[in-house]
Amino acid sequence: MRANIVLTLLLVTAVMAACTGEKASLVRPDGAAPYYTSLADAQQAATADQLIVLDFYTDT
Amino acid sequence: MFINDTAIDFFSNQMTLVKLNARVDTALSDRYHAKAFPTSLLLRKNGDEIDRLVGFAPTQEYLQTFVDYSNGIGTLEDLLGRAATETDRTLYLEIANKYKYRGNGDGAKNWFVRVIESGDPLDSLSGEARIAFADFYRRAKEYDKALVEYQKIAEEFAPPHGRDAVIWQAIVYRQMADTARTIATFESFIERFPESEDREYAEEQIERLKNPRKESAE
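Residues numbered from 1 in each chain as written. Chains lettered and ligands numbered in written order. Predicted model: local features only at pLDDT ≥ 70, side-chain atom pairs only at ≥ 80, totals over all residues.

### Topic: the overall build of chain A
Thinking step 1. Helix and strand content of chain A: two helices and three strands.
Thinking step 2. Going through the 60 residues of chain A one by one, you find that 17% of them count as buried. (Helix = DSSP H or I, 4+ residues; strand = E, 2+ residues; numbered from the N terminus. Buried ≥ 20, exposed ≤ 12 C-beta atoms within 10 Å, placed from the backbone.)

### Here's the deal with the environment of V53 of chain A
Thinking step 1. In this structure, V53 of chain A sits in strand β3 (residues 52-57).
Thinking step 2. Look at V53 of chain A and you get buried, because 27 C-beta atoms sit within 10 Å.
Thinking step 3. Every residue in contact with V53 of chain A, bar those within four places of it in the chain, is listed here: M15, L17, S40, L42 and F66 of chain B. (Contact = placed C-beta atoms within 7 Å.)

### What about the interface of chain B and chain A?
Thinking step 1. Every contact between the two is made by 31 residues of chain B and, on the other side, 24 residues of chain A.
Thinking step 2. The element contributing the most residues to the side of chain B that touches chain A is strand β1 (residues 16-21) of chain B, with six residues.
Thinking step 3. Residue composition of the side of chain B that touches chain A, by class: 19 nonpolar, eight polar and four charged.
Thinking step 4. With five bridges joining them, β3 of chain A and strand β2 (residues 39-43) of chain B adopt antiparallel strand pairing. The residue bridging I52 of chain A from the neighbouring strand is L43 of chain B, located in β2 of chain B. (Nonpolar A, V, L, I, M, F, W, Y, C, P; charged D, E, K, R; others polar. Pairing = 2+ DSSP bridges.)

### Focus: the nonpolar core
Thinking step 1. Membership of the largest hydrophobic core comes to 26 residues, with the highest contact counts inside it found for I52, V53 and L54 of chain A together with L17 and V18 of chain B.
Thinking step 2. When residues of this core are traced back to their parent elements, those giving at least two are β2 (35-36), α2 (39-45) and β3 of chain A together with β1, β2 and α3 (59-70) of chain B.
Thinking step 3. Residues contacting V18 of chain B, with those up to four places away along its chain left out, are Y35, Y36, L39, A42, I52, L54 and D55 of chain A.
Thinking step 4. Residues I131, A134, A154 and V172 of chain B belong to the second largest nonpolar core, which totals 19 residues. (Core = buried A, V, L, I, M, F, W, Y, C linked by C-beta atoms within 7 Å.)

### Details of the confidence of the model for chain A
Thinking step 1. In the predicted model, chain A carries a mean pLDDT of 79, and 62% of its residues have values of at least 70.
Thinking step 2. Averaged pLDDT values over the elements of chain A bottom out at 55 in helix α1 (residues 2-20) of chain A and peak at 97 in β3 of chain A. (pLDDT = per-residue confidence, 0-100.)

### Some details on the pairing of β1 of chain B
Thinking step 1. When you tally the buried positions in β1 of chain B, you get five out of six residues, the bulk of the element.
Thinking step 2. Two strands pair when backbone bridges link them, and β3 of chain A and β1 of chain B are joined in this way by six bridges, in the parallel orientation. When the bridges of β1 of chain B are listed, L54 of chain A appears paired with V18 of chain B.

### What to know about helix α8 (residues 143-156) of chain B
All names here are of chain B.
Thinking step 1. With 14 residues, α8 ought to run about 20 Å at 1.5 Å a step, and its terminal C-alpha atoms sit 20 Å apart, in line with that.
Thinking step 2. By the burial criterion, the buried members of α8 are A146, L147, E149, Y150, I153 and A154. Each buried residue of α8 sits inside an arc of 165° when the element is viewed along its axis, so together they form one side. Of the exposed residues in α8, those oriented more than 90 degrees away from the buried face are D144 and E155. (Expected span 1.5 Å × (residues − 1). Arc of directions from axis to C-beta.)

### Examining the environment of T85 of chain B
Residue and element names in this part refer to chain B.
Thinking step 1. On the secondary structure map, T85 appears in the loop between α4 (76-83) and α5 (89-101).
Thinking step 2. Assessed through the 7 C-beta atoms surrounding it within 10 Å, T85 is described here as exposed.
Thinking step 3. On a C-alpha basis, the gap between T85 and D5 in space is 40 Å, while along the polypeptide they are 80 residues apart.

### Describing the packing of α8 of chain B against helix α9 (residues 161-175) of chain B
Residues and elements named next belong to chain B.
Thinking step 1. Between α8 and α9, the least distance of the axes is 8 Å, while the angle of their chain directions is 155°. Classed by the angle they form, the pair α8 and α9 counts as roughly antiparallel. In the crossing of α8 with α9, the sense of the turn from one axis to the other is left-handed. In this structure, α8 uses Y143, A146, L147, Y150, Q151, I153 and A154 to contact α9, whose residues at the interface are H161, G162, A165, V166, W168, Q169, V172 and Q175.
Thinking step 2. Taken together, the residues of the contact of α8 with α9 sort by class into ten nonpolar, five polar and no charged. (Axes fitted to C-alpha atoms, helices over the stretch in contact; angles between N-to-C directions. Parallel < 35°, antiparallel > 145°, perpendicular 65-115°, else oblique. Left-handed = near helix turned anticlockwise from the far one by under 90°.)

### Quick word on unusual backbone geometry
All names here are of chain B.
Thinking step 1. In this model, F37 is joined to P38 through a cis peptide bond whose omega is 0°.
Thinking step 2. Looking at the secondary structure, you find P38 in the loop between α2 (26-31) and β2.
Thinking step 3. Residues other than glycine seldom take positive phi values, yet K141 does so here, at roughly 65°.
Thinking step 4. Structurally, the position occupied by K141 is in the loop between α7 (124-139) and α8.
Thinking step 5. A count of 10 C-beta atoms within 10 Å places K141 in the exposed class.
Thinking step 6. Despite not being glycine, A177 shows a phi value in the positive range, around 60°.
Thinking step 7. Considering the arrangement of structural elements, one finds A177 in the loop between α9 and α10 (179-192).
Thinking step 8. On the basis of neighbour count, A177 is assigned to the exposed category, with 7 C-beta atoms found within 10 Å.

Structure, rendered in C-alpha cells:
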C-alpha cells in the first residue's frame, strides 16, 4: 500500500515536472537556493542571456 | 547550500546555479580544469567560461564577485587590459593565478616571472611567485627541479616563504617515497621554526612515517 502511494507520488511529480518543463536535475531545497545537478539541464533551462554559476565541490 | 535570502533570490531570478561533485563528475571537472575545491565558474549558456572563483568566500562576497564578473569587472580580460597600462605587481600576481587556476601553465609562468622581474626579487610578492613557480615542477613530478627551487627559496627568503619552502621540500620527498629524507626535512623544519603553526602538521607527518603500522591499524 505504502509502495503504491510512493509510486503514485513519484509519477505525479514526474508528470508535473514534464508539464512545467522543469528538469529532473533541478533541486529545490526548503529554505535554500535552487540548483541543478546537471550542467546540460541548466543550459537547456537558462534563457539566452542568463549566466550559469557552476560550483564544483568535493565531500572529502 | 545557500540559505541566505539574497542568495535564494539571486539563484532563483538572476543566475542559474549548478552544483557538481568533482569526484563524481570528473569529465566536467577535467574539462574546466577544476583542481582546488570549491571552485565556482561563471559560464555563458553555451558553456564558455567568463571567469572563476577558487576557494571559500562569504555569501555576499561570492555573489558580488559573479555580479562583477558578469559586468566585466575583475575578469582575466579586465586585468590584462589594466596591466597594459599599469605597473602593478599585485595585479600581475592576480593574472598569474588566474592563468594557473585555468590550467594555463605557460601563461601563469610568464606573469609570475613578470612579478619577480619588475620589482625587488627578494620581497614578499617575489617569494609568492617563486613558490608558485616551484610548485609547477612539483605538480609536473619534476621533483629534482622542484627541490632545487624550494632549496633556493628556503635560503634566500625569510618567513613565510622561506619557511613554507622547507615544508614543500618535505612534501616533495614524501611524493618521491623517500621516507628518510621526508622525516629529516620535517625535523629540520621543527628545529628551525619551532614557533610555526605548521609545527603540529610536521610532527604528525613524522609520527605517521615512523609508525606506519599504528596508523594502518587505526
